[in-house]
Amino acid sequence: MTAAPSSSLRERKKRRTRQTLIDTALELFTRRGFGGVTLDELCEEVEVSKRTFFRTFTSKEDVAMAPDQDLWRAFLEELETADPGALPVVELGRDALLAALERMDDEGWARRMLLSRRLAERTPSMGAHGLQFCEATTQEALEILHRRFGLGVAGDLRPRLAVDMLIAAFHGALASWVAQADGAGEAGHIRGEPMPRHDLAARLREAVAALPGSLALTAAPGGDRG
């Protein structure tokens, strides 16, 4: 009689299958277009059933956006255990997001993230899926801030604004990171290949640091800025 596989073995197999689905989906969608690949074709390529696919993902959009979603799920886990000290909420969130970035495997995740963002730019349904995920993540972050730190009493918009600013800063850093990969590149960087993960982290730090200045920015006649 063959012994049943251990829980850890099953979990490793599930993680491998999940990763294979993500990598295969991103490669196929990039090569043939998001609409040019059916779910049946994806499952056939990976040699899994649709039932197996739906145990992990809800849709083609879900698997295509997995790199981004994995990062923000890790962010929520980091926020759950963060030591606030005397940090402003935006900086607390920044540190949690930077810690989440450190948990992503550098080269593999960076490439998957780049492919996913390129697809999202030309796939409206991925944009809609991303908005839904972003709102759900925001609500989870606000729940953590309220439960752990007592923030977000009725009528207080500041926690929501802080989370929104953090997300906006990340999106700005991510857009810059993708543009750098698709542009001329830096010395020694191959055009079209992802910049390393630590480059995205540096851009996030810069974006968060720019937030106070952006809030104080005014527009004056004649193009003067103050």
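Anyway, here's the lowdown on the structure attached to this text. (Residues numbered from 1 in each chain as written. Predicted model: local features only at pLDDT ≥ 70, side-chain atom pairs only at ≥ 80, totals over all residues. Heavy atoms only, no water.)

### Quick look at helix 6 (residues 89–103)
Definition in use: Under the DSSP-based scheme used, a helix requires at least four consecutive residues in state H or I and a strand at least two consecutive residues in state E, with every element numbered from the N terminus. Here the expected span of a helix is defined as 1.5 Å times the quantity of residues minus one. Only protein chains enter the accessibility calculation, which uses a 1.4 Å probe; a residue is then buried when its area is under 20% of its type maximum, exposed when over 50%, and partly exposed in between.
Over its 15 residues, helix 6 runs 21 Å from end to end, which matches the ideal 21 Å to within 8%, given 1.5 Å per residue. Among the residues of helix 6, those classed as buried are Val90, Leu92, Gly93, Ala96, Leu97, Leu98, Ala100 and Leu101.

### Topic: the packing of helix 1 (residues 7–32) against helix 2 (residues 39–46)
Rules: Here an axis means a line fitted to C-alpha atoms, over the contact stretch when the element is a helix, while the angle between two N-to-C directions is reported on a 0 to 180 degree scale. Here is the rule for angles: anything less than 35 degrees is roughly parallel, anything more than 145 is roughly antiparallel, 65 through 115 is roughly perpendicular, and the remaining ranges are oblique. Crossings are assigned a handedness: left-handed for a near helix turned anticlockwise from the far helix by less than a right angle, right-handed for a clockwise turn. Two residues qualify as a contact provided that any one of their heavy atoms is within 4.5 Å of a heavy atom in the partner residue. In this classification, the charged set is Asp, Glu, Lys and Arg, the nonpolar set is Ala, Val, Leu, Ile, Met, Phe, Trp, Tyr, Cys and Pro, and all remaining amino acids, among them Gly, are polar.
Contact pair helix 1 / helix 2: the axes reach a minimum separation of 10 Å and the direction vectors enclose 125°. By the angle between their directions, the pair helix 1 and helix 2 is classed as oblique. Handedness of the crossing formed by helix 1 with helix 2: right-handed. Contact residues: helix 1 offers Thr20, Leu21, Thr24, Ala25, Leu28 and Arg32, while helix 2 offers Glu41, Leu42, Glu45 and Val46. Split into classes, the residues belonging to the contact of helix 1 with helix 2 amount to five nonpolar, two polar and three charged.

### A short note on a positive patch on the surface
Our working rule: Surface patches are drawn from residues lacking salt bridges whose relative accessible area is over 30%; two like charges belong together within 9 Å, two nonpolar side chains (Val, Leu, Ile, Met, Phe, Trp, Tyr) within 5 Å. Reported accessibility uses the Shrake-Rupley method at a 1.4 Å probe radius. Residues are deemed covered only where the shown protein chains occlude them. Salt bridge, as used here: a side-chain nitrogen of Lys or Arg that lies within 4 Å of a carboxyl oxygen of Asp or Glu. His is not counted, nor are the chain ends, whereas Lys and Arg count as positive and Asp and Glu as negative. Where a charge lies is defined by one atom per residue type: Lys uses NZ, Arg uses CZ, Asp uses CG and Glu uses CD.
On the surface, Arg12, Lys13, Arg15 and Arg16 cluster together into a patch of positive charge. With respect to the element layout, lysine 13 can be found in helix 1.

### Here we look at helix 8 (residues 124–149)
Compared with an ideal rise of 1.5 Å per residue, which puts 26 residues at 38 Å, helix 8 spans 37 Å between its outermost C-alpha atoms and is within 8% of the ideal. Of all the residues in helix 8, the buried ones are Met126, His129, Gly130, Phe133, Thr137, Thr138, Ala141, Leu142, Ile144 and Leu145. Of the residues flanking the end of helix 8, it is glycine 150, one or two places downstream, whose phi is positive at about 70°.

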